[in-house]
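Structural characterization, general
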Amino acid sequence: MTATDLSLPTPAVATPDNHSAPGRPVRSQGWRLVGYAALVLAAAGLLLPFYWMVVASLKTNSDVFTIPINWLPDPVVWRNYLDIWQRSDMTTWLGNTLLLSVVVTLLQVVTGSFAAYGFARVRFPGRNALFLAYVGTIAVPWQSYMIPQFILMSKLQLSNTLWSIVAIQAFGAFGVFLMKQFYETIPEELSESARVDGLSEFGIYRRIMLPLSRPALASLALLTFVTTWNDYLGPLIYLRSPELRTIQLGLNTFISQYNAEYALIMTGSVLSVLPVAVIFLLGQRYFIEGIASTGLKG
């Protein structure tokens, strides 16, 4: 009589496929390298014109459009950056542009964030309809109401002053939309707890919302600063005096006077782009964080 085998059957262990498993990481890594290479090529294509502009600003005027293209200046002409200041009113142009950009950016950050708090946290009749109507103004091109706006500024005696640019750009529907979307990601329980503790709505906005929305505020500030700095049509319409010209208007007049001085024109273009590039590099981390987190429900 034989003993009965009471041991449980050993479960089958799945063995990895020796043919497919090693191939997946290699294939995934290959596509990743292809993606990185595509991004590098795209970045190089975007940065190439800026690189050529910087290189051309360091060349002599006769070497700017040589064929084949000389991608390294030889010799390096640093004097172009001194000549541009002597031949143009670059100090006034940069000063006016910086003043307008800073003032408009501060006003849009304050007004946009404050109005967005009202739309996001304050309950009042017709709030959603009013918000849709206000945001809908983004779709209206400025050229459609440019003439009535100019007539209004002229009657207010703001035409041909820097205050006209400040008045027409101090409020923006895009900033309100951006900040409202970010405020909605902040838990409502924080505001309710603050109200229970006796904090006013303005106190909630100043002590809770603003500190938590620094990435969105940085994104709004950066976008507004760049838009105001690069604005050409607004200053062209409202600023007629030479002492009120911005960098964009100033470079246009400089090109008309020195249309054959290509090296100096490239030098002025570098000076107009450099402040924006520096500010973007300094605020890049906050800008990406603000754009990535806006519109995500917390």
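Read on for an overview of the structure. (Residues numbered from 1 in each chain as written. Predicted model: local features only at pLDDT ≥ 70, side-chain atom pairs only at ≥ 80, totals over all residues. Heavy atoms only, no water.)

1. Some words on the packing of aromatic side chains
Using the following cut-off: Aromatic pairs are defined between Phe, Tyr and Trp rings, using the six-membered ring for Trp, whenever the two ring centres lie within 6.5 Å; interplanar angles under 30 degrees are classed as stacked, those over 60 as edge-to-face, and all others as tilted. Helix and strand assignments come from DSSP, with helices taken as H or I runs of at least 4 residues and strands as E runs of at least 2, each series counted from the N terminus. Each residue's exposure class comes from its accessible area (1.4 Å probe, protein chains only) as a fraction of the maximum for that residue type: buried when under 20%, exposed when over 50%, partly exposed otherwise. Criterion for a charge above a ring: Arg CZ or Lys NZ at most 6 Å from the ring centre, at most 35 degrees from the ring normal.
Scanning all chains against the criterion turns up 13 aromatic pairs. The interplanar angle of 25 degrees and the centroid separation of 6.4 Å between the aromatic rings of Tyr 51 and Trp 71 together place this pair among those described as stacked. Linking Tyr 51 in helix 1 (residues 23–57) with Trp 71 in the loop between helix 1 and helix 2 (80–87), this pair joins segments that are 20 residues apart in sequence. According to the relative accessible area criterion, Tyr 51 is partly exposed, its value standing at 36%. Its relative accessible area of 36% is what places Trp 71 among the partly exposed residues. Cation over ring: Lys 180 sits above Phe 131, and NZ or CZ is 4.6 Å from the ring centre.

2. Description of the layout of surface pockets
To be explicit about the condition: The rule is simple: put a 1 Å grid over the protein atoms alone, call a set of points where a 1.4 Å probe fits but cannot get out a cavity, call an open set with protein on both sides within 12 Å along at least five of seven lines a pocket, and count a residue as lining if it has an atom within 4 Å of a point. Grid points are joined across faces, edges and corners, and a volume is the space filled by probe spheres set on the points. Polar here means any residue other than Ala, Val, Leu, Ile, Met, Phe, Trp, Tyr, Cys and Pro, which are nonpolar, and Asp, Glu, Lys and Arg, which are charged; Gly is therefore polar.
By volume, the largest pocket amounts to about 910 Å³. Every element with two or more residues in the lining of the largest pocket is listed here: helix 6 (162–169), helix 7 (173–183) and helix 10 (214–230). Partitioned by chemical class, the residues of the lining of the largest pocket number 14 nonpolar, 11 polar and one charged. Estimates place the volume of the second largest pocket at around 680 Å³. Every residue lining the second largest pocket is counted, 26 residues in all, and those nearest its centre are Phe 50, Met 53, Val 273, Leu 274 and Ala 277. Looking at the lining of the second largest pocket, its residues break down into 21 nonpolar, five polar and no charged.

3. Observations concerning the packing of helix 3 (residues 90–121) against helix 9 (residues 201–212)
Basically, it comes down to this: Axis angles are defined between N-to-C directions and span 0 to 180 degrees, where every axis is a line fitted to C-alpha atoms and, for a helix, only to the segment in contact. Each angle receives one of four descriptions, namely roughly parallel if under 35 degrees, roughly antiparallel if over 145, roughly perpendicular if within 65 to 115, and oblique otherwise. Should the near helix be turned anticlockwise from the far one by less than a right angle, the crossing is termed left-handed; should it be turned clockwise, right-handed. Contacts are assigned to residue pairs with any non-hydrogen atoms lying within 4.5 Å of each other.
Running from N to C, helix 3 and helix 9 point in directions that differ by 110 degrees, and their axes come no closer than 11 Å. With respect to helix 9, the axis of helix 3 lies roughly perpendicular. Our pair here, helix 3 against helix 9, has a crossing hand that is right-handed. Contacts between helix 3 and helix 9 involve Val 110, Ser 113, Phe 114, Tyr 117 and Arg 121 on the former and, on the latter, Glu 201, Phe 202, Ile 204, Tyr 205, Met 209 and Leu 210. Taken together, the residues that form the contact of helix 3 with helix 9 break down as eight nonpolar, one polar and two charged.

4. Quick word on the nonpolar core
Test applied: Here, nonpolar core refers to any group of buried Ala, Val, Leu, Ile, Met, Phe, Trp, Tyr and Cys residues whose side-chain atoms link them within 4.5 Å.
Grouped together as the largest cluster of nonpolar side chains are 21 residues, with contacts concentrated most on Tyr 117, Met 179 and Tyr 183. Of all the secondary structure elements, the ones that give two or more residues to this core are helix 3, helix 4 (127–136), helix 7, helix 9 and helix 10. Not counting residues up to four positions away in its chain, the partners in contact with Met 179 are Gly 112, Ser 113, Ala 116, Ser 213, Ala 216, Leu 217 and Leu 220. Judged by nonpolar contacts, the second largest core, of 19 residues, contains Trp 93, Trp 229, Ala 263 and Leu 264.

5. Overview of helix 7
The element helix 7 is largely enclosed, with a buried count of eight among its 11 residues. Within the span of helix 7, buried status applies to Ala 173, Gly 175, Val 176, Leu 178, Met 179, Lys 180, Phe 182 and Tyr 183.

6. Focus on helix 2
What counts is decided by this rule: The directions considered for the arc are those from the helix axis to the C-beta atoms.
Inspection of helix 2 places Asn 80, Asp 83 and Ile 84 among the buried residues, and these make up the whole buried set. Buried residues of helix 2 fall within an arc of 105 degrees about the axis and therefore sit on the same side.

7. Focus on the packing of helix 12 (residues 247–257) against helix 13 (residues 262–282)
Relative to each other, helix 12 and helix 13 sit at 180 degrees, their axes nearing to 11 Å. Viewed along their axes, helix 12 and helix 13 adopt a mutual orientation that is roughly antiparallel. The segment helix 12 lies against helix 13, with Ile 247, Leu 251, Phe 254 and Ile 255 engaging Leu 264, Ile 265, Gly 268, Ser 269 and Ser 272.

Geometry only, nothing functional implied.
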